[in-house]
Amino acid sequence: MPPEESRYPKDWLKVDERDWRRMGQALNDGDAEEAGFWLQQAVEKYLKAYLLSKGWVLRKIHDLEILLNEAVVHMPAFGQYGIVCQRISGYYLTERYPFVDSPGLKLDEVSGSRDGVKGLVESIRLELE
């Protein structure tokens, strides 16, 4: 039986900070696909940490749009991150599944997406620290 995932927001913060650093390192290394994957993972965990702090019941989900929509119930201002979260959700698929004729991610696309969610990430960090 696999171990049970933590339901404590601060545990999720530790892991998402690590994923955020991994994303930065992958950008520095010039690996856009890996950077996009780690960006998606970090944002997913930030949103889950936030939602757990609001009493959300943990479930297996990777779609940032769905997670963000649930977070917007508690913080309507998060709605401004909908488009960038939708884009970042696609990075998970790009890294994990082979697609025919996929143009691949570009470093500037991933770094732009990172910049686009910095406000979301900072808001969650401040609330949960």
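These remarks concern the structure in this document. (Residues numbered from 1 in each chain as written. Predicted model: local features only at pLDDT ≥ 70, side-chain atom pairs only at ≥ 80, totals over all residues. Heavy atoms only, no water.)

1. Details of the side chain of Arg-125
- Inspection of the secondary structure puts Arg-125 in helix 5 (residues 107–128).
- Here the side chain of Arg-125 touches Tyr-46 through a polar contact of 2.9 Å, side chain to side chain.
- For Arg-125, the side chain forms a polar contact with the side chain of Glu-122, separated by 2.4 Å.
- Once residues lying within four places of it in the same chain are set aside, the contact partners of Arg-125 are Glu-17, Trp-20 and Tyr-46. (Helix = DSSP H or I, 4+ residues; strand = E, 2+ residues; numbered from the N terminus. Polar contact = N/O pair within 3.5 Å; in protein donor to acceptor, adjacent residues only side chain to side chain. Contact = heavy atoms within 4.5 Å.)

2. Side note on helix 1 (residues 9–29)
- The first and last C-alpha atoms of helix 1 sit 30 Å apart over 21 residues, in line with the 30 Å expected at 1.5 Å per residue.
- Those residues of helix 1 not exposed but buried are Pro-9, Trp-12, Leu-13, Asp-16, Asp-19, Trp-20, Met-23, Ala-26 and Leu-27. The buried residues of helix 1 occupy an angular sector of 145 degrees when the element is viewed end-on, so they sit on one face. Summarising the geometry of helix 1, the exposed residues directed more than 90 degrees from the buried face are Lys-14, Arg-21, Asn-28 and Asp-29.
- The inward-facing, buried residues of helix 1 contact helix 2 (32–53) and helix 5.
- At the exit of helix 1 stands Gly-30, carrying a positive phi of roughly 80 degrees. (Expected span 1.5 Å × (residues − 1). Buried < 20%, exposed > 50% of the residue type's maximum accessible area, 1.4 Å probe, protein only. Arc of directions from axis to C-beta.)

3. Observations regarding the packing of helix 1 against helix 2
- One way to put it is that helix 1 packs onto helix 2 with a least axis distance of 8 Å and a crossing angle of 160 degrees. Considering their axes alone, helix 1 and helix 2 lie roughly antiparallel with respect to each other. The two elements helix 1 and helix 2 cross, and the hand of that crossing is left-handed. On helix 2, the residues that touch Pro-9, Trp-12, Leu-13, Val-15, Asp-16, Glu-17, Asp-19, Trp-20, Arg-22, Met-23, Ala-26 and Leu-27 of helix 1 are Glu-34, Ala-35, Trp-38, Leu-39, Gln-41, Ala-42, Lys-45, Tyr-46, Lys-48, Ala-49, Leu-52 and Ser-53.
- Along the lines of polarity and charge, the residues of the contact of helix 1 with helix 2 split into 15 nonpolar, two polar and seven charged. (Axes fitted to C-alpha atoms, helices over the stretch in contact; angles between N-to-C directions. Parallel < 35°, antiparallel > 145°, perpendicular 65-115°, else oblique. Left-handed = near helix turned anticlockwise from the far one by under 90°. Nonpolar A, V, L, I, M, F, W, Y, C, P; charged D, E, K, R; others polar.)

Interpretation in functional terms is not warranted from these geometric data alone.
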